[in-house]
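Results of the structural survey
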Amino acid sequence: MAIKIEMLRYFCTVAQTGNLAEAANRLGRTQSAVSMTLKQLEDHLGKKLFEGERKNHLSPLGEQVFELALKQVRGFDQTVQSIEMVAEAIHGLIRIVSVPSVAALVFPEVLDHMTHRFPGLKIELRDTDTQQVIDALAEGKADIGIASGYHPLNGVRAVPLFEDRFGLVCAADHPLIQQADPPNIADVFAAPFVRNALCELIGTPRFVEALEGADIAIHNTHSLLTMVRTGRWVTVLPLTVAQFSPETIAFRPIADLPDKRQVYLYQRERTRFKELTDACCDFIAARDYSH
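Residues numbered from 1 in each chain as written. Predicted model: local features only at pLDDT ≥ 70, side-chain atom pairs only at ≥ 80, totals over all residues. Heavy atoms only, no water.

Digging into the overall build of the protein
The secondary structure content of the protein amounts to 12 helices and nine strands. Each of the three principal axes of the protein carries a C-alpha extent, and together these read 70 × 50 × 35 Å. When contacts within the protein are restricted to residue pairs at least 6 apart in sequence, long-range pairs at least 24 apart make up 70% of them. The distance from the centre of the 30 positive side-chain charges to the centre of the 36 negative ones in the protein is 6 Å. (Helix = DSSP H or I, 4+ residues; strand = E, 2+ residues; numbered from the N terminus. Contact = heavy atoms within 4.5 Å. Lys, Arg positive; Asp, Glu negative; His and termini not counted. Charge placed at Lys NZ, Arg CZ, Asp CG, Glu CD.)

Here we look at the pairing of strand S3 (residues 144-148)
Counting buried residues along S3, five of its five residues qualify, which places the element largely inside the surrounding structure. Because side chains alternate across S3, one face comprises the buried residues Ile144, Ile146 and Ser148, and the other comprises Gly145 and Ala147, equally buried. Pairing geometry for strand S1 (residues 93-98) and S3, over three bridges, is parallel. In the strand pairing of S3, Ile96 is matched with Ile144. (Buried < 20%, exposed > 50% of the residue type's maximum accessible area, 1.4 Å probe, protein only. Pairing = 2+ DSSP bridges.)

Focus: the layout of surface pockets
A volume near 520 Å³ is recorded for the largest pocket. Lining the largest pocket are 26 residues, with Asp129, Ala197, Leu198, His219 and Thr221 positioned closest to its centre. Of all elements in the fold, only helix H5 (100-117), helix H6 (130-138) and helix H10 (221-229) reach the threshold of two or more residues within the lining of the largest pocket. Each pocket or cavity is described by its volume, and for the second largest pocket that value is around 440 Å³. Around the second largest pocket sit 13 residues that line it, and Lys71, Arg74, Gly75, Gln78 and Gln132 are the ones nearest its centre. Mapped onto the lining of the second largest pocket, the elements with two or more residues apiece are helix H4 (60-88) and H6. For the lining of the second largest pocket, the leading source of residues is H4, giving seven residues. For the lining of the second largest pocket, the per-class residue count stands at three nonpolar, three polar and seven charged. (1 Å grid on protein atoms, 1.4 Å probe; cavity = no way out; pocket = protein on both sides within 12 Å on 5 of 7 lines; lining within 4 Å. Points joined across faces, edges and corners; volume = space filled by probe spheres on them. Nonpolar A, V, L, I, M, F, W, Y, C, P; charged D, E, K, R; others polar.)

As for the pairing of strand S4 (residues 156-171)
Regular strands place side chains that alternate from one sheet face to the opposite one. Bridge analysis of S4 against strand S9 (residues 260-268) gives nine bridges, and the strand direction is antiparallel. Bridging across to S9, Ala158 finds its partner in Tyr266. Looking at chain direction, S4 and strand S7 (residues 235-238) are connected through four bridges and run antiparallel. Counted as the bridge partner of Phe166 is Pro238 from S7. With five bridges joining them, S4 and strand S8 (residues 249-253) adopt antiparallel strand pairing. The residue of S8 that forms the bridge with Cys170 is Ala250.

A look at the nonpolar core
Counting residues in each nonpolar core, the largest one holds 31 residues, and the members touching the most others are Leu168, Phe193, Phe207, Val236 and Leu257. Counting only elements with at least two residues in this core, the list comes to S4, helix H7 (175-178), helix H8 (185-190), helix H9 (205-211), H10, S7, helix H11 (239-242) and S8. When residues in this core are grouped by element, the largest group, four residues, is from S4. Core analysis: the next-biggest nonpolar cluster, separate from the first, contains 26 residues, Ile96, Ile144, Leu161 and Cys280 among them. (Core = buried A, V, L, I, M, F, W, Y, C linked by side-chain atoms within 4.5 Å.)

Some words on the packing of helix H1 (residues 5-17) against helix H2 (residues 20-27)
The contact between H1 and H2 brings their axes to 8 Å, and the two run at 130 degrees. Classified by the angle between their axes, H1 and H2 sit oblique to one another. When you trace H1 past H2, the crossing you get is right-handed. Contacts between H1 and H2 involve Arg9, Tyr10, Thr13, Val14 and Thr17 from the first element and Leu20, Glu22, Ala23, Arg26 and Leu27 from the second. Of the residues belonging to the contact of H1 with H2, the class tally is five nonpolar, two polar and three charged. (Axes fitted to C-alpha atoms, helices over the stretch in contact; angles between N-to-C directions. Parallel < 35°, antiparallel > 145°, perpendicular 65-115°, else oblique. Left-handed = near helix turned anticlockwise from the far one by under 90°.)

Side note on the packing of aromatic side chains
For the structure shown, the criterion picks out six aromatic pairs. Taking the centre distance of 5.3 Å and the plane angle of 65 degrees together, the rings of Phe189 and Phe207 count as edge-to-face. Of this pair, Phe189 sits in helix H8 while Phe207 sits in helix H9, placing them 18 residues apart in sequence. Summarising the aromatic geometry, the rings of Tyr264 and Tyr266 are spaced 6.3 Å apart at their centres and angled 40 degrees between planes, so their arrangement reads as tilted. Overall, Tyr264 belongs to the buried group, its relative accessible area being 16%. Among the aromatic residues, those joined into a ring-pair cluster are Phe11, Phe50 and Phe66. (Phe/Tyr/Trp six-rings, centres within 6.5 Å; stacked < 30°, edge-to-face > 60°.)

Everything listed here is a matter of coordinates, which is why it stays silent on function.
Have a look at this one:
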């Protein structure tokens, strides 16, 4: 018996809800149908995915299968959605994926410009981290990408879009913002510091060395800024990221940290609607991103 996507979907739903009744309700199926599908999956694997009969505790194998299965279910649903959009895109379709900080800068004006210039155009927008931007381009799931750093890809054109300086990001009333002299790297790491994925783009040796001692890492931007807003924690981010919440979060250059984040615009050379993709990229590239 082959493992089917719906088997993985049923398993993930039960794992998320912790009981058959709620999972069956979400799936629109009977409990017996869901239970039978789980049994088929377990029989195929030859091992139990749950501990006990209540389905509220995953087995060690179940935890690993859940992590893998959830990615596949989400990817499948996203692929189906994209296929349906392509089929419905009589007047064209553009798929754009970007890192969140730049998406907030670019998406509103891109939507306004492209939908007015090309009535009936369908646009699919997604924000995610740099690695997933690159993956989407490489796998043909995006026509345009915006990401931190240069990542050469076959069949994808990359052009510099803008750069922004790294600096201290913390609560607006934090002492490092209020002090007269700009903080240095030592000052920043003397405060409770939270590292993030963008810190890996910084090459200044003193910063790299200090970063190795950072015990807390948060990779979700919203969660990171929530921590910083408390006033206890600080981090280092590019200016555009810090501008997410200007009323509660402050940005300040660090005296001995000259590094800047390089942001690139990526365009697949072969797309279904190349004229539309070219027009969109031209519009994005022509904007002024200086601060």
